[in-house]
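# What the coordinates show
One letter stands for each residue in the lines below.
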Amino acid sequence: MQQKRKLMLLGALETLPLVIAAFPFGIVFGAMAQTNGLSFAVTAGMSAIVFAGSSQFIALTLLASAAALPVIVMTVFIVNLRQMLYSANLMHHVEHWSQRWRAVLAFWLTDETFAAVTDRLNRHPGEPGLRWFYLGSALFMYGFWQISSVLGYLLGEQVPGLAHWGLDVAMVVAFVGIVVPALKVRADWGCAVTAFGCALFSYDWPYQSGLLFSAVLGIGVGLLLGRHREAGYV
Amino acid sequence: MYEWLLIALMALVTYLPRYLPMGLAGKVVLPPLLVRALDFVPIAVLTAIIAQVAMVHDGQLDFSLGNFHALAALAAFIAAVLTRQLFVTIAVGLVCFGLLRAGFGA
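What you are looking at is a predicted structure, and each value in this text was computed from that prediction instead of being measured. (Residues numbered from 1 in each chain as written. Chains lettered and ligands numbered in written order. Predicted model: local features only at pLDDT ≥ 70, side-chain atom pairs only at ≥ 80, totals over all residues. Heavy atoms only, no water.)

Right, let's get into helix H8 (residues 130-155) of chain A. When the terminal C-alpha atoms of H8(A) are compared, their 37 Å separation across 26 residues agrees well with the 38 Å that a helix rising 1.5 Å per residue should span. Looking one or two residues beyond H8(A), the residue adopting positive phi is Gly156(A), at roughly 55°. (Helix = DSSP H or I, 4+ residues; strand = E, 2+ residues; numbered from the N terminus. Expected span 1.5 Å × (residues − 1).)

On average, residues of chain B carry a pLDDT of 94, and 99% of them reach 70 or more. Mean pLDDT across the secondary structure elements of chain B bottoms out at strand S1 (residues 56-57) of chain B, with 92, and peaks at helix H4 (residues 68-83) of chain B, with 97. (pLDDT = per-residue confidence, 0-100.)

Axis angle and axis distance: for two packed helices, these are the angle between their axes and the distance between the axes, and together they describe the pair. Two elements in contact, helix H3 (residues 53-64) of chain A and helix H1 (residues 2-24) of chain B, have axes whose closest approach is 12 Å; the angle formed by their N-to-C orientations is 145°. Relative to H1(B), the crossing made by H3(A) is right-handed. Touching Ser55(A), Gln56(A), Ala59(A) and Leu63(A) of H3(A) are Tyr2(B), Leu6(B), Met10(B) and Thr14(B), all from H1(B). For the contact of H3(A) with H1(B), the class distribution of residues is five nonpolar, three polar and no charged. (Axes fitted to C-alpha atoms, helices over the stretch in contact; angles between N-to-C directions. Left-handed = near helix turned anticlockwise from the far one by under 90°. Contact = heavy atoms within 4.5 Å. Nonpolar A, V, L, I, M, F, W, Y, C, P; charged D, E, K, R; others polar.)

A word on the interface of chain B and chain A. On the chain A side, the residues contacting the 68 residues of chain B number 92 residues. Around 7,200 Å² of area is buried between chain B and chain A when both sides are counted, 77% of it from carbon and sulfur atoms. When the area that chain B buries against chain A is broken down by residue, the three leading residues are Arg18(B), Met22(B) and Phe40(B), summing to 12%. Along the contact surface separating chain B from chain A lie zero salt bridges. For the pair chain B and chain A, the interface holds 17 residue pairs in polar contact (both at pLDDT 80 or more). Of all the elements, H1(B) adds the most residues to the side of chain B that touches chain A, at 19 residues. Looking at the side of chain B that touches chain A residue by residue, the classes come out as 50 nonpolar, 11 polar and seven charged. (Buried area = accessible area lost by both parts, 1.4 Å probe. Salt bridge = Lys/Arg side-chain N within 4 Å of Asp/Glu carboxyl O. Polar contact = N/O pair within 3.5 Å; in protein donor to acceptor, adjacent residues only side chain to side chain.)

Residues and elements named next belong to chain A. Tallied over the entire structure, the rule returns three salt bridges over all chains. The salt bridge partner of Asp111 is Arg82, with a shortest N-O separation of 2.8 Å. In this pair, Asp111 is assigned in helix H7 (residues 111-123) and Arg82 in helix H5 (residues 81-94), connecting sequence segments 29 residues apart. Pair check on accessibility: Asp111 and Arg82 agree, each one buried. (Buried < 20%, exposed > 50% of the residue type's maximum accessible area, 1.4 Å probe, protein only.)

Below, the structure is given as structure tokens:
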């Protein structure tokens, strides 16, 4: 029991910089929803039931432009293909989880929790209790996303300039700290450099399609350059 | 009503991509090439995110020395290469960002 709690705390701790980076976005989401005339219940409901930052922003933008329902849903689906890659990457590690655990934990699969879990797998390969670490990270992220979007809604137009504090730098440096130790062989570096360069080239593509494209290209270069890393395979 | 329908559909197209691969784990055998490709997902996606958050501000690429996000990321990168410690990397990046802001911030 104590071990589980410790793992949950570790998961939350490792996600802390990412939570800090996401907080202003939650505030901005809530404020934008309020300004766009969404009710409090719908705003809080979207954060609680959908729980996907980019998708929620895109839905707001499309709602404001009076886009048709199928267009919004389709766009949200495409944006979420990134999470599908995350889920596929984790397949090997969740094989022995019960379907109930998978169904619950998959709901909370975000960039942030995936990054934290990846780092855990990289540094402590094969250690048991991954799901508790994941759960701690996920609940922490989820809780603060709810708080921030509700807070943003209540503040509405009086939102402080939180979005301009540059707190998203915490996400950048945390991701750097997670990715760099994972770069073990030439193929990893090739993959990273390609994804980096391509993301700069495709930053203005709609609906974050540039991220997905850059990732796929990076993966392709990684495959070309070499055999797969052993590390993810324990 | 419309908005709740939207939320329900959004939830569906958000949850399914998150769940389906995990749910199928152990039940399907992926081709070896795909397994190798998926191995690169964390590096590829997280690096692409780093690139865009660090280098793009207000919808524009920013290669200037006034881009503190990028300078902090560079400091973090050096710290990560040297130490491989996550918390050291984060601390170096954040301190660097804070100092730049305090020293040269608008």
